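Here is how the chains run, residue by residue.
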Amino acid sequence: AQSVTQLGSHVSVSEGALVLLRCNYSSSVPPYLFWYVQYPNQGLQLLLKYTSAATLVKGINGFEAEFKKSETSFHLTKPSAHMSDAAEYFCAVSAGGGNKLTFGTGTQLKVEL
Amino acid sequence: GAVVSQHPSWVICKSGTSVKIECRSLDFQATTMFWYRQFPKQSLMLMATSNEGSKATYEQGVEKDKFLINHASLTLSTLTVTSAHPEDSSFYICSASDREHSPLHFGNGTRLTVT
């Protein structure tokens, strides 16, 4: 079985500041890890994915995440927040084959002027 | 890129009626599609895995007779909420992938309100 824990249901940053959204996973097999973003009343859009290649993964919109096996973490970062980054972010894990994802509870990112 | 279309985007129905939601993969074939339910300000809860040409696999606690899933072709899966009640009001999202371990592509969701 696999699970994901997202620390902090709400994160607030100033425009231009560093964004850090935390995700820790639990998996009995090597995981595949994903970050998705959701805007109000919309589906999810993939930001980036880790599939056992490079541990530092670069995604769209300037986001990146680093897979750290020793810490079982896959935190999402962006050097400089933009107002358009305000949204809900979900970390997800897929393990043991297939595309069955387990999602974290989400982090609402607020960007302030 | 791969596109998943979900229809309708919102629907209001009366208690006791049934509602059908469609999920289509527009430019790829999806042998497997997934249906999720999302409550306000909460995460996505997997309801069922829809397999083309076979019965859906439901997650524990999901009533298969209430949430009917049909995956008649490689590009279309439907979710029918039968005899809907106000507690079925929610945001329903489908997703699909063209191959194992590739990222899921999500529809834009359907907001169901049962009055």
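A short tour of the structure in this document, coming up. Predicted, not measured: the structure shown is a model, and the values here were computed from it.

**Here's the deal with the interface of chain A and chain B**
Link 1 in the chain: With 21 residues of chain A in contact, the opposing surface of chain B contributes 22 residues.
Link 2 in the chain: Across the chain A/chain B interface, buried area totals approximately 1,700 Å², and carbon plus sulfur atoms make up 57% of it.
Link 3 in the chain: The tally of links between chain A and chain B comes to 1 salt bridge.
Link 4 in the chain: Put simply, Glu59 of chain B and Lys100 of chain A hold a salt bridge, and the shortest N to O gap is 3.0 Å.
Link 5 in the chain: Taken together, the connections running from chain A to chain B amount to 6 residue pairs in polar contact (both at pLDDT 80 or more).

**Focus: the state of the cysteines**
Link 1 in the chain: With the rule as written, the count across this model stands at 2 disulfides over all chains.
Link 2 in the chain: Residue pairing for Cys23 of chain A: its cysteine sulfur links by disulfide to Cys91 of chain A, the two sulfurs lying 2.0 Å apart. Its S-S torsion of about -65 degrees marks the bond between Cys23 of chain A and Cys91 of chain A as left-handed, since a negative value means left-handed. One end of the pair, Cys23 of chain A, is in the loop between β3 (19-21) and β4 (24-26); the other, Cys91 of chain A, is in strand β10 (residues 87-94), and 68 residues separate them in sequence.
Link 3 in the chain: Judged by its relative accessible area of 0%, Cys23 of chain A is buried.
Link 4 in the chain: Between Cys13 of chain B, a cysteine without a disulfide, and Cys94 of chain B, which holds the nearest cysteine sulfur, the sulfur-to-sulfur distance is 18 Å.

**Quick look at the packing of aromatic side chains**
All names here are of chain A.
Link 1 in the chain: With the rule as written, the count across this model stands at 12 aromatic pairs over all chains.
Link 2 in the chain: Measuring from ring centre to ring centre gives 5.5 Å for Phe63 and Tyr89, while their planes differ by 45 degrees; the resulting arrangement is tilted. Highlighted residues: Phe63 in the loop between β7 (56-58) and β8 (64-68) and Tyr89 in strand β10, separated in sequence by 26 residues. A single burial state applies to Phe63 and to Tyr89, both of which are buried.

Calculation criteria
- Residues numbered from 1 in each chain as written.
- Chains lettered and ligands numbered in written order.
- Predicted model: local features only at pLDDT ≥ 70, side-chain atom pairs only at ≥ 80, totals over all residues.
- Heavy atoms only, no water.
- Contact = heavy atoms within 4.5 Å.
- Buried area = accessible area lost by both parts, 1.4 Å probe.
- Salt bridge = Lys/Arg side-chain N within 4 Å of Asp/Glu carboxyl O.
- Polar contact = N/O pair within 3.5 Å; in protein donor to acceptor, adjacent residues only side chain to side chain.
- Disulfide = S-S within 2.5 Å.
- Helix = DSSP H or I, 4+ residues; strand = E, 2+ residues; numbered from the N terminus.
- Buried < 20%, exposed > 50% of the residue type's maximum accessible area, 1.4 Å probe, protein only.
- Phe/Tyr/Trp six-rings, centres within 6.5 Å; stacked < 30°, edge-to-face > 60°.

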